[in-house]
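# Observations on chain architecture
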Amino acid sequence: MKHLKSNFIALLAFVLPVFAWGQAAFLEKPEEFKPDKPCKIIVNLKLTSNEWGIVEAANNEDMFLWVWKPAEHPAGHPFANGIGGAAWKNSNDALKMTKESDGVYSYSFTPTEFFEVEAATVFKEDFHFLVKPKDGGGYGDPDIKTEDLSISVDPPASPIVKVQSVPQGKGKKLDTIASSTADVFSVVYNNNVEEKASMQEAEELYVYIVAYDDLGNEYKIASSPKRVADFPELKMTKSNDGIFQFSCIPDRFISIPDGQMLYRLEVQIVKPNLRTTSDWVDGVFTYYFNQGGC
Amino acid sequence: MKKLLFIASMALVFNACEKPLEEIYEASSKLEGINDEWVLAKVDQYDPNNKELVIDVTRVFANDNIELNMSSEDFTFSYNQDNPLYMGTSGTWSFDDDEAPSQLNFAAVNGSDTVYYNCPLLRTVRSIDPTLEFSLTRECDNGNPTTVYHFTFQRK
């Protein structure tokens, strides 16, 4: 077993660098990439195909970026790829790359500013470019360039949230509401991501609320989840895209004696005329109010 | 040739008719535009930490019939009820710039206390504009923003 383990580690040691260093073009810090923030493109010419002699050219010449996606600037633009009538033979000095080490070149820019596009366009189109010397040949001369290179960029995956509050909860359980109970508090339920089959494509939903004051006293509007339909004010509004919302100002919605403060709300999302557990969204959603003291 | 002469003469005619824009469109006074009685029509809300989730909470205020009187004569404001929108009941107001305002500054008077609320305008408010739209950021005691409301009022 020990032998197996050491073999596995040896294999990892061999394979990992291939993945880490095997790309000809990559971003310096891909995990931090944001289209509206500066980023650095790095190209290792030695890992390109070198079909058009770029590695040898780099021994004697400066290297330039030639980029067409997410956008290509027209002739005359300060960041157009080339200058003049034979642009391929005269790269724009503004796109000269920085030599990081032998065969490794970089170019830094802020994508949304450089390409003059929205962040969404950057994510959609990715970066498509090549590297060439000032004179890329052509017009009867052999081309000098890399093959077409690309770097893929994707927006950060946003977590799919089934139930959330506005204002959003803080803390590990996202259950601490920093705003005052005099502010509007909402529970938003995304039925589109409901996994419970009996609750999918729900048409009408209510909230069943149990509130507690700072002394632990309990307050209800409907006496039980089965009675919510008797109280229209507990009905959630539904938008066409399957989002249900319940909003209230807790101080006005729940009548609490003077001197006491609303401390906690427990919310269940249920169908009207609930009969079994298949008629509610799994989970009791609890929110603690700290009365705006944050 | 005739055609050319016609085009040239028309160009001269149009050129002679050209007037500076400012003579055609007088800058509409925002002070005049805001001077009115307003009825709350819509409220949107979002958490400043999650600006993508903007929700319509008009329903919460729908039965309150909240009205706001803005006077550009004495620069006072007053609601028709007690502190309906977290910014006091009455007081004085000003624009940050009377010519091109981007913010409404409210000074709500509560007894001997005056509380200030700086509310960005969400659109211009000329006499021809049907709505008054501004936002209010609610903060907790340490100044951290907790929730943002976008209020839309219509002329009464």
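So, here is what we can say about the structure in this document. (Residues numbered from 1 in each chain as written. Chains lettered and ligands numbered in written order. Predicted model: local features only at pLDDT ≥ 70, side-chain atom pairs only at ≥ 80, totals over all residues.)

Before going further, it helps to spend a moment on the overall build of chain A. In terms of helices and strands, chain A carries 5 helices and 16 strands. Looking at chain A as a whole, 28% of its 294 residues are labelled buried. For chain A, restricting intrachain contacts to residue pairs at least 6 apart in sequence, the fraction spanning at least 24 positions comes to 64%. (Helix = DSSP H or I, 4+ residues; strand = E, 2+ residues; numbered from the N terminus. Buried ≥ 20, exposed ≤ 12 C-beta atoms within 10 Å, placed from the backbone. Contact = placed C-beta atoms within 7 Å.)

Let us now look at the overall build of chain B. What chain B contains, in helices and strands, is 4 helices and 9 strands. Secondary structure elements of chain B, listed N to C terminal, follow the sequence α-α-α-β-β-α-β-β-β-β-β-β-β. Taking all 156 residues of chain B together, the buried fraction comes to 17%. At a minimum sequence separation of 6, the contacts of chain B that also span at least 24 residues come to 39%.

Next up on the list: the environment of I249(A). Residue and element names in this part refer to chain A. Summarising the element assignment, I249 is placed in the loop between β14 (243-248) and α5 (250-253). Using a count of 16 C-beta atoms within 10 Å as the deciding quantity, one classes I249 as partly exposed. Sequence separation of I249 and V184 is 65 residues, and the distance between their C-alpha atoms is 4.5 Å.

Listed as interface residues are 17 residues of chain A and, on the opposing side, 17 residues of chain B. Breaking the side of chain A that touches chain B down by element, the ones donating at least two residues are β10 (185-190) and β14 of chain A. At 3 residues, β14(A) tops the list of elements feeding residues into the side of chain A that touches chain B. Here the side of chain A that touches chain B is composed, by residue class, of 8 nonpolar, 8 polar and 1 charged. (Nonpolar A, V, L, I, M, F, W, Y, C, P; charged D, E, K, R; others polar.)

Residue and element names in this part refer to chain A. Overall, antiparallel pairing links the 4 strands, which are arranged β1-β2-β5-β4 in an open sheet. The open sheet terminates on both sides in strands that have one partner only, identified here as β1 (25-27) and β4 (98-101). The sheet shows a mean angle of 30° between the axes of neighbouring strands, taken without regard to direction. (Pairing = 2+ DSSP bridges. Axes fitted to C-alpha atoms, helices over the stretch in contact; angles between N-to-C directions.)

So, on to the nonpolar core. What tends to happen in soluble globular proteins is that the nonpolar side chains get buried as a cluster. Counting 52 residues, the largest nonpolar core has Y206(A) and V207(A) as the members making the most contacts within it. By size, the runner-up hydrophobic cluster in this structure holds 24 residues, among which are I54(A), A57(A), L95(A) and F129(A). (Core = buried A, V, L, I, M, F, W, Y, C linked by C-beta atoms within 7 Å.)

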